[in-house]
Amino acid sequence: MKDVVLNTKKLSIGYRQKGGLKNVLHKGLNLRLNRGEITCLLGPNGSGKSTLIRTLAGFQKIIDGEVFIQNTELSTISAGESAKKMSVVLTEQVFVGNMEVFDVVAYGRSPYTGFLGRLSEIDTMTIEHALRETGIENLHNRKYFELSDGERQKVLIAKSLAQETPIIFLDEPTAFLDFPSKIEILQLLRKASWEQNKAILLSTHDLQLAIRFADKIWLMGNDKAMQAGIPEDLILSGRFAEFFDRDKTKFDIASGNFEFQAQPIGNININGSGTSAEWLKKALIRKGYQVNGIENPVAVIDITKNQYQITRDKESTQAETIAEVLEAIKKAG
Amino acid sequence: MTEISLAYQKHQKSIAGKFVAMGLVILLLFILNIAFGSVTIPPLEILQIIFGTGAGKASWQGIIVDTRFPQAITAVLAGAALGVSGLMMQTLFRNPLAGPSVLGVSSGASLGVALLMLLTSVPGVRIITQNQITNNFSVVIAAFAGAFAVLVIIMLLAAKYRSNSTILIIGIMLAYVISAIVGILQFYSLKEDLQAFIIWGLGSFSNVSWQQLTFFIPVVIFGLGLSILMIKPMNAILLGDNYARNLGFNVKRISILLITGAGILVAVVTAYCGPIAFLGIAIPHLSRNLFKSSDHFINVPGTILSGIMLALFCNMIARLPGFDGALPINAITSLIGAPLVIWIIIKSNHYQKAV
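Conventions we followed
- Throughout this document, residue positions are counted from 1 along each chain, in the order its sequence is written.
- The lettering of chains begins at A and the numbering of ligands begins at 1, in the order of writing.
- At least 70 in pLDDT is required for a residue's local features to be given in this predicted model, at least 80 for side-chain atom pairs to be given and counted, and no such filter applies to totals for whole chains, interfaces and linings, which use all residues.
- Side-chain descriptors were evaluated using all non-hydrogen atoms of the structure, hydrogens and water having been removed beforehand.
- Note on conventions: DSSP H or I runs of at least 4 residues are helices, E runs of at least 2 residues are strands, and numbering of each starts at the N terminus.
- Exposed residues in this analysis have more than 50% of their type's maximum accessible area, buried residues have under 20%, and partly exposed residues fall in between, with area computed by a 1.4 Å probe over protein chains only.
- A contact between two residues is defined here by any heavy atoms of the two lying within 4.5 Å.
- What the globule rule says is 2.2 Å times the number of residues to the power 0.38, and the radius of gyration is computed from C-alpha atoms.
- Residue ranges labeled as domains rest on an automatic or database domain assignment.
- When two cysteine sulfur atoms are found within 2.5 Å, that pair is recorded as a disulfide.
- Here the rule is simple: two strands pair whenever DSSP picks up at least two bridges between them.
- Take the number of residues in a helix, subtract one, and multiply by 1.5 Å to get its expected span.
- Working note: the arc is built from the helix axis to C-beta atom directions.
- Residues belong to a common nonpolar core when they are buried Ala, Val, Leu, Ile, Met, Phe, Trp, Tyr or Cys residues joined through side-chain atoms within 4.5 Å.
- To obtain an axis, a line is fitted to C-alpha atoms, over the contacting stretch when the element is a helix, and the angle between two such axes runs from 0 to 180 degrees between their N-to-C directions.
- Exposure above 30% relative accessible area and no salt bridge define the residues that can form patches, which grow by joining like charges within 9 Å and nonpolar side chains of Val, Leu, Ile, Met, Phe, Trp and Tyr within 5 Å.
- Using a 1.4 Å probe, the Shrake-Rupley method yields the accessible areas, and only the shown protein chains count as cover for residues.
- The term salt bridge refers to a pairing of a side-chain nitrogen on Lys or Arg with a carboxyl oxygen on Asp or Glu at a separation within 4 Å.
- Counting rule applied: Lys, Arg positive; Asp, Glu negative; His and chain ends not counted.
- Just so you know, the charge point we use is NZ for Lys, CZ for Arg, CG for Asp and CD for Glu.
- Think of pLDDT as the predictor's per-residue confidence, scored from 0 to 100.
- We define buried area as the total accessible area lost by two parts upon association, computed with a 1.4 Å probe and summed across both.
- The nonpolar class holds Ala, Val, Leu, Ile, Met, Phe, Trp, Tyr, Cys and Pro. Asp, Glu, Lys and Arg form the charged class, and all remaining residues, Gly among them, are polar.

Observations concerning the overall build of chain B
Stage number 1. Summing up its helical and strand segments, chain B has 15 helices and 0 strands in all.
Stage number 2. Within the span of chain B, comprising 355 residues, buried residues form 53% of the whole.
Stage number 3. For chain B, contacts bridging at least 24 residues in sequence account for 78% of all contacts bridging at least 6.

A look at the overall build of chain A
Stage number 1. A count of helical and extended segments in chain A gives 11 helices and 18 strands.
Stage number 2. Taking 333 residues into account, the globule formula puts the C-alpha radius of gyration at 20 Å, and chain A, at 25 Å, lies well above it.
Stage number 3. Viewed in the frame of its principal axes, chain A has a C-alpha envelope of about 85 × 50 × 40 Å.
Stage number 4. The buried share of chain A, reckoned over its 333 residues, is 50%.
Stage number 5. Here the contacts in chain A between residues at least 6 apart in sequence split such that 62% fall between residues at least 24 apart.

Considering the domain arrangement of chain A
Stage number 1. With domains assigned, chain A is organised as domain 1 (4-85 + 165-245), domain 2 (98-160) and domain 3 (267-332).
Stage number 2. Each of domain 1 of chain A and domain 3 of chain A has a C-alpha centre, and the two are 45 Å apart.

Focus on the state of the cysteines
Stage number 1. For the structure shown, the criterion picks out 0 disulfides over all chains.
Stage number 2. Free of any disulfide, B:Cys273 has its nearest neighbouring cysteine sulfur in B:Cys314, separated by 13 Å.

A look at the sheet that holds strand 17 (residues 307-312) of chain A
All names here are of chain A.
Stage number 1. The strand order across the open sheet built from 5 strands is 15-14-16-17-18, with neighbouring strands paired in mixed fashion. Each having just a single partner strand, strand 15 (290-291) and strand 18 (315-319) make up the two edges of the open sheet.
Stage number 2. Relative to strand 18, strand 17 runs antiparallel, the two sharing 5 bridges. Each bridged residue has a counterpart across the sheet, and for Tyr308 the counterpart in strand 18 is Ala319.

A few points about helix 10 (residues 275-286) of chain A
Residues and elements named next belong to chain A.
Stage number 1. Between the first and last C-alpha of helix 10 there are 17 Å, a value that for 12 residues agrees with the 16 Å anticipated at 1.5 Å per step.
Stage number 2. Buried residues of helix 10: Ala277, Leu280, Ala283 and Leu284, and no others. Taken end-on, helix 10 shows its buried residues confined to a sector of 125 degrees, consistent with a single buried face. Summarising the geometry of helix 10, the exposed residues directed more than 90 degrees from the buried face are Thr275, Trp279 and Arg286.
Stage number 3. Phi turns positive, to about 100 degrees, at Gly288, one or two residues after helix 10.

With respect to the nonpolar core
Stage number 1. Counting residues in hydrophobic clusters, the biggest one holds 194 residues, and the most contacted among them are A:Leu52, A:Phe169, A:Phe240 and B:Phe216.
Stage number 2. Residues from two domains meet in this core; each of domain 1 (4-85 + 165-245) and domain 2 (98-160) of chain A gives at least three.
Stage number 3. Setting aside its immediate chain neighbours within four residues, A:Phe240 contacts A:Leu42, A:Leu207, A:Ile211, A:Ile217, A:Leu219, A:Pro231, A:Leu234, A:Ile235 and A:Phe251.
Stage number 4. Counting residues in hydrophobic clusters, the runner-up holds 17 residues, among them A:Ala277, A:Leu280, A:Leu284 and A:Leu326.

Things to note about the sheet that holds strand 4 (residues 37-42) of chain A
Residue and element names in this part refer to chain A.
Stage number 1. Here we have 6 strands laid out as an open sheet, ordered 7-8-9-4-10-11, and mixed in their pairing. Looking along the sheet, the strands with just one partner apiece sit at the ends: strand 7 (86-89) and strand 11 (227-229). Within this sheet the neighbouring strands show an average axis-to-axis angle of 15 degrees, counted without direction.
Stage number 2. Looking at chain direction, strand 8 (residues 167-171) and strand 9 (residues 199-203) are connected through 5 bridges and run parallel. Residue pairing in the sheet places Ile168 in a bridge with Ile200 of strand 9.
Stage number 3. Packing against the sheet, helix 1 (residues 49-56) makes contact with strand 4, strand 7, strand 8, strand 9 and strand 10 (216-219), and its axis sits at approximately 150 degrees to strand 8.

Concerning a positive patch on the surface
Stage number 1. There is a patch of like positive charges on the surface, built from A:Arg16, A:Lys22, A:Lys61 and B:Lys252.
Stage number 2. Residue position: B:Lys252 is located in helix 12 (residues 251-273).

Overview of the confidence of the model for chain B
Stage number 1. Per-residue confidence for chain B averages 83 on the pLDDT scale, and 90% of its residues sit at or above 70.
Stage number 2. In the predicted structure, residues 124-134 of chain B sits below a pLDDT of 50 and forms 15 contacts with residues beyond four places in sequence or in another chain.

Things to note about the interface of chain B and chain A
A common way to report how large an interface is uses the accessible area buried once the components associate.
Stage number 1. Across the contact, 34 residues belong to chain B and 41 residues belong to chain A.
Stage number 2. Note on chain B versus chain A: buried area summed over both sides is about 3200 Å², and carbon and sulfur give 61% of it.
Stage number 3. By the criterion of area lost to chain A, the three top residues of chain B are B:Ile4, B:Tyr243 and B:Asn246, representing 23% of everything that side buries.
Stage number 4. Linking chain B with chain A are 1 salt bridge, by the criterion used here.
Stage number 5. Salt-bridge contacts for B:Asp295 lead to A:Arg118; the nearest nitrogen and oxygen are separated by 3.7 Å.
Stage number 6. Elements with a contribution of two residues or more to the side of chain B that touches chain A: helix 1 (3-35), helix 9 (210-229), helix 10 (231-238) and helix 11 (241-246) of chain B.
Stage number 7. The biggest single contributor to the side of chain B that touches chain A is helix 1 of chain B, with 6 residues.
Stage number 8. Grouping the constituent residues of the side of chain B that touches chain A by class yields 15 nonpolar, 12 polar and 7 charged.

Re the pattern of salt bridges
Residue and element names in this part refer to chain A.
Stage number 1. Applying the stated criterion across every chain yields a total of 11 salt bridges over all chains.
Stage number 2. With a shortest N-O distance of 2.8 Å, Arg109 and Asp123 are connected by a salt bridge. Placement of the pair is Arg109 in the loop between helix 3 (101-106) and helix 4 (121-133) and Asp123 in helix 4, with a sequence separation of 14 residues. Taken individually, Arg109 and Asp123 each receive the classification buried, so the pair is uniform in this respect.
Stage number 3. What you see here is one network of salt bridges that share partners, running through Arg109, Asp123 and Glu164.

As structure tokens, this is what we get:
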């Protein structure tokens, strides 16, 4: 069962400038967010990712068109109601002073508490559940400002979970995090979306991670119409390449990676297979060589057990490590 | 009951305990405020006067009932009001150095009083005479009008410009402009009027009569009541404007209510007591430091209690036996308040996060 929780009709996003001028970044957007799915918003800087999230979350005025949250038009939803529909994790730094992790997560309960903001037993249980879901229950009485970036991000995600909204928006939640923390954050978001049936929209620059974790991808570019679909289809149809290719970088459809293109300084053939062959290939490409290309090879490397044999101008040298291989090629060149 | 919710409950109990302890300290300070003064009255006599069983000397009765009681109550009101206004401003501007004097509200009150006292000293246009000034209700009106004029300007700017730091800087600049105008007024005014203005500027808790308290008390209670209604919104804006908006709060309305509330409290205190230095900045820090929390559910009552405590303490020091008569309250609040702020900021070395 895939139910739509958010959809847009001919939405235009952008900024209103002085004198009534409108700086429209994208128009005619018909988008859909489904429950139980992670959607990753990808695109270069300045393509309007934050603007889209800010518009959908109601922080920024809609330039044209409509946004529907569970079939209700966004502007007709009261602030209190919308707080129970959508929650956000933003890029802006949070300075809450002397607040403990529990208190920050408790912010998520504000739409449900009375005028003094006191927590009921249900609120406390929901907060505890959010702390467990994000794996930070042992941090509950730590001061927020003492935490690492990754931990802080988890606290804010826990806040969003405590808010119990069907939709969660996250603006670059993995920026500034180390690689394992990025994976952790995406894993817990995927868990939340799958197990708690939430629609999650996050913007990110981590292309590879988006391909691995996203159920849907929205591609945004400068002066290009937005594209949406599942990652694999977008790659195969060449959309990814279209959005991310630059002069010096090419998106490789086969590997789903970026290749840094430069005029190769020569072709080298590798005879052999297995892990060492793969890594040797990477090392040579990094040094600017083409591997197993069509040109006449400047050198041939045979991989035998634990050894590399480099043949160049009918001279042969042996090498134990890839470093020695690179050294030998450099000397000969 | 899990470990986390138990820890939460225990935490709340320890806070309640601190409130009770502060209440007892306040009671003690209040009694000491009644007991100390330039005239020494035996403790037994004081108790008899308080419980209405008559006094040894009629003049003692007068000193306790008409001088020391109103003065202690004024200190209580001023401390609570200045503390809460400081808390509101520090939270709104997310700046630990925000306070009543920073936004230009105190200066506005000064300008009002200066216009009343000094402009009238131009020969021929004198409206009120010297001895009318010190105890006149018109000073209160003038201070209130001046404070509110500045406040309205700040509020209009707040509605137009969203950036709190912009408003804070405008407030500080406004304060400079106003003190320059006050300086010019002082330059052209008569010696006696200038003296009266300077004495008002030194601040005092002792110029409020029972009759004036009947206006002072309800206004302060109104301001404090507003601060209690703002507990949840103040917590929300601590998280940031966009987060607060997402949680269903109307950030603009919160800003306007906080500026109004803080303004009313500062205006009324400045009107009756003169511009009191440093209490507004120091008290919220004292509370946050005592409770090790930024939660306004704790800090609004915490600030009220800390404010009463600090103001009564300052008032007591100013009137300790040996200081013939009484020292100007502003000297004491500065001498105690400024080092207190420095100490708290050095101690909590993450001062930018101290709000």
